[in-house]
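A structural walkthrough
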Amino acid sequence: MNEAISGIHHITAICSDPQRNLDFYAGVLGLRLVKATINYDDPGTYHFYYGNAQGTPGSIITFFAWPGAQSGRAGSGQVTVTAFAIRPESIEYWSERLTAKSVKVERLTDRFDQAVLGFADPDGLQLELIGTPEQSPNAVSSVDPDHAILGFHSATLAEEGYERTASLLTATMGFQLVKQAGNRFRYAAGGVEKRSTVVDVLCAPDLAPSRVANGSVHHIAWRTPDDSTELEWRKKLVQLGYNVSPVMDRKYFHSIYYREPGGILFEIATDPPGFAVDESADALGTSLILPSWLEPRRDAITRSLLPVQFPQWQGSLK
């Protein structure tokens, strides 16, 4: 199979309060809400997608809103940190902005010669902003466009042991080891370290096992270009002994799921068809979108959802 994984497609996490989540990711971080829908497997709850202005793969963080659920616990077998890319000269801007928004910020020791800001969202999900010398437009934002988030930088996978996970990433998925410092191993898709191609594996045998719930990552998704390549991935993973789901239609992409050796839920998702299949590009995220098979239940579903108000710069949910 010639088509290697090209990087991160999206990361999905869990939040407790949908309004607070909107206020933080769209309001404080200035990401665009590119899709407001529901969890197809739990239609009484929201599923929010945030990203850059175009909603391109490699920029999308999504949330299941589960009010009343217990808090998660960071630990092994989990994506413990989600890192976004910003321009290196934007580090001070973000330190000041987050502090002004009452977000506690930690200026971390530069990692692999990159400046890192660490902080948490309102549910305790660990986030980072990492200075990355790349440029990408993000015109739809409450943030100064010169300092806007560019997309993902990387994700950190905490593992009890790293060897089997590293083997999956390198021998199967096409990542290459590009850097190492202590117990942190950095891999890049195709060996090219750039925005959204990077994953750090942290070997942390003393960490307690994780608990996936509010304030934690549910799964990480990797990019593949089309349906036929995804089917090839499924065939290859099954041959290697992984339990792989059937292809699932998520409307904006098609997905397969499997667990890597350390227990983290991996997804492989197609780039097409994208988020503009049911809203125009300039109206992304301004309506509550339901899949066609749930549209007859719209009234009942909307009554079951908590009312939310989008940040003023983006508009109101219809």
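This report concerns the structure included in the present document. What you see is a predicted model; the values in this text were computed from it and never measured.

Considerations on the overall build of the chain
Within the chain, the secondary structure is distributed over five helices and 16 strands. In terms of overall dimensions, the chain is globule-like: its C-alpha atoms have a radius of gyration of 19 Å, near the 20 Å expected for 318 residues. Once the C-alpha set of the chain is aligned to its principal axes, its extents read approximately 50 × 45 × 35 Å. Per-residue burial for the chain yields a buried fraction of 55% across its 318 residues. Within the chain, contacts between residues at least 6 apart in sequence are counted, and of these 67% link residues at least 24 apart.

Observations concerning helix H1 (residues 18–28)
Within H1, eight of the 11 residues are buried, which leaves it mostly tucked inside the rest of the structure. For H1, the set of buried residues is Pro-18, Asn-21, Leu-22, Phe-24, Tyr-25, Ala-26, Gly-27 and Val-28. With a side-chain oxygen positioned 3.0 Å from the backbone nitrogen of Gln-19, the residue opening H1 is Asp-17.

Points about the pattern of salt bridges
Evaluation of the coordinates by the stated rule reveals 13 salt bridges. For Glu-279, the salt bridge goes to Lys-35, with nearest N and O atoms at 2.7 Å. Taken together, the residues span a long stretch of sequence, with Glu-279 in the loop between strand E16 (265–270) and helix H5 (298–304) and Lys-35 in strand E2 (residues 32–39) at a distance of 244 residues. Look at Glu-279 and you get buried, because its relative accessible area is 8%. Notably, a salt bridge pairs Asp-278 with Lys-251, separated by 3.0 Å at the nearest N-O pair. Of this pair, Asp-278 sits in the loop between E16 and H5 while Lys-251 is found in the loop between strand E14 (248–249) and strand E15 (254–259), placing the two residues 27 residues apart along the sequence. With relative accessibility at 25%, the residue Asp-278 sits in the partly exposed group. Each of Lys-179, Arg-184, Arg-186, Glu-193 and Asp-200 takes part in one network of salt bridges that share partners.

Some remarks on the layout of surface pockets
Here the largest pocket is characterised by a volume of approximately 270 Å³. Along its surface, the largest pocket is lined by 16 residues, and Asp-41, Phe-64, His-219, Arg-250 and Tyr-257 are the ones closest to its centre. Secondary structure elements with two or more residues in the lining of the largest pocket: strand E1 (8–15), strand E3 (42–51), strand E13 (217–224) and E16. Tallied by class, the residues present in the lining of the largest pocket amount to seven nonpolar, six polar and three charged.

Regarding helix H2 (residues 91–100)
Where H2 is concerned, the buried positions are Ile-91, Trp-94, Arg-97 and Leu-98. Along H2, the residues classed as buried sweep out an arc of 130° about the axis, all on the same side. With respect to the buried face of H2, the exposed residues turned more than 90 degrees away are Glu-96 and Ala-100. As for H2, its buried residues are in contact with H1, strand E5 (78–86), strand E6 (106–111), strand E7 (114–120) and strand E8 (126–131). Where H2 terminates, the next one or two residues include Ser-102, which has phi positive at roughly 65°.

Side note on the sheet that holds E1
Taken together, eight strands build an open sheet; the order of strands is E2-E3-E4-E1-E13-E16-E15-E14 and the sheet is mixed. The sheet is open, and its two borders are formed by E2 and E14, each paired with just one other strand. Each of E1, E2, E3 and strand E4 (60–65) is contacted by H1, which is oriented at about 10° to E3, the strand it contacts most.

A short note on the nonpolar core
Core analysis: the biggest nonpolar cluster contains 80 residues, and Tyr-25, Leu-29, Tyr-50, Trp-222, Tyr-258 and Phe-266 have the highest contact counts within it. Not counting residues up to four positions away in its chain, the partners in contact with Phe-266 are Leu-157, Leu-168, Leu-169, Met-173, Ile-220, Trp-222, Ile-256, Tyr-257, Tyr-258 and Glu-260.

A look at the pairing of strand E9 (residues 151–159)
Successive residues of a regular strand alternate their side chains across the two faces of the sheet. With nine of its nine residues buried, E9 lies for the most part within the structure. Note: E5 against E9, seven bridges, orientation antiparallel. Its bridge partner being in E9, Val-81 is matched across the sheet by Thr-156. Relative to strand E12 (residues 198–203), E9 is paired through six bridges, and the arrangement is parallel. Bridge pairing in E12 links Leu-157 to Val-201.

Focus: the sheet that holds strand E10 (residues 175–181)
Taking strand neighbours across the sheet as the criterion, the eight strands line up as E6-E7-E8-E5-E9-E12-E11-E10 in an open arrangement whose pairing is mixed. On the outer flanks of this sheet lie E6 and E10, each paired with one strand and no other. Neighbour to neighbour, the strand axes of the sheet diverge by 25° on average, direction disregarded. Looking at chain direction, E7 and E8 are connected through five bridges and run antiparallel.

What counts, and at which threshold
All residue numbers here refer to positions counted from 1 along the written sequence of the relevant chain. Given that this is a predicted model, residues contribute local features only at a pLDDT of at least 70 and side-chain atom pairs are listed and counted only at 80 or more, while totals for whole chains, interfaces and linings are drawn from all residues. Only hydrogens and water are set aside when side-chain values are computed; all heavy atoms of the structure are taken into account. Each helix corresponds to a stretch of at least 4 residues labelled H or I by DSSP, and each strand to a stretch of at least 2 residues labelled E; elements are numbered beginning at the N terminus. The reference for a compact globule is 2.2 Å times residues^0.38; the radius of gyration itself is calculated from the C-alpha atoms. When a residue's accessible area, from a 1.4 Å probe over protein chains only, is under 20% of the maximum for its type it is buried; when over 50% it is exposed; and in between it is partly exposed. Residues are treated as being in contact if the distance between any of their heavy atoms lies within 4.5 Å. We call two N or O atoms a polar contact when they sit within 3.5 Å, provided that within protein one can donate a hydrogen and the other can accept it, with sequence-adjacent residues counted only if both atoms are side-chain atoms. Only one rule defines a salt bridge in this text: a Lys or Arg side-chain nitrogen within 4 Å of an Asp or Glu carboxyl oxygen. Cavities and pockets were defined on a 1 Å grid built over protein atoms only: a cavity is a set of grid points that admits a 1.4 Å probe from which the probe cannot escape, a pocket is an open set flanked by protein on both sides within 12 Å along at least five of seven lines, and lining residues are those with an atom within 4 Å of any such point. Grid points are joined across faces, edges and corners, and a volume is the space filled by probe spheres set on the points. Charged residues are taken to be Asp, Glu, Lys and Arg, nonpolar residues to be Ala, Val, Leu, Ile, Met, Phe, Trp, Tyr, Cys and Pro, and polar residues to be all remaining types, Gly included. Note that the arc is computed from the directions linking the helix axis to the C-beta atoms. Here, strands pair whenever DSSP counts at least two bridges between them. For helices, the fitted axis covers only the stretch in contact; all axes are lines through C-alpha atoms, and the angles between them, taken along N-to-C directions, range from 0 to 180 degrees. Buried residues of nine kinds, namely Ala, Val, Leu, Ile, Met, Phe, Trp, Tyr and Cys, make up a nonpolar core once their side-chain atoms join them within 4.5 Å.

Everything listed here is a matter of geometry and, on its own, says nothing about what the molecule does.
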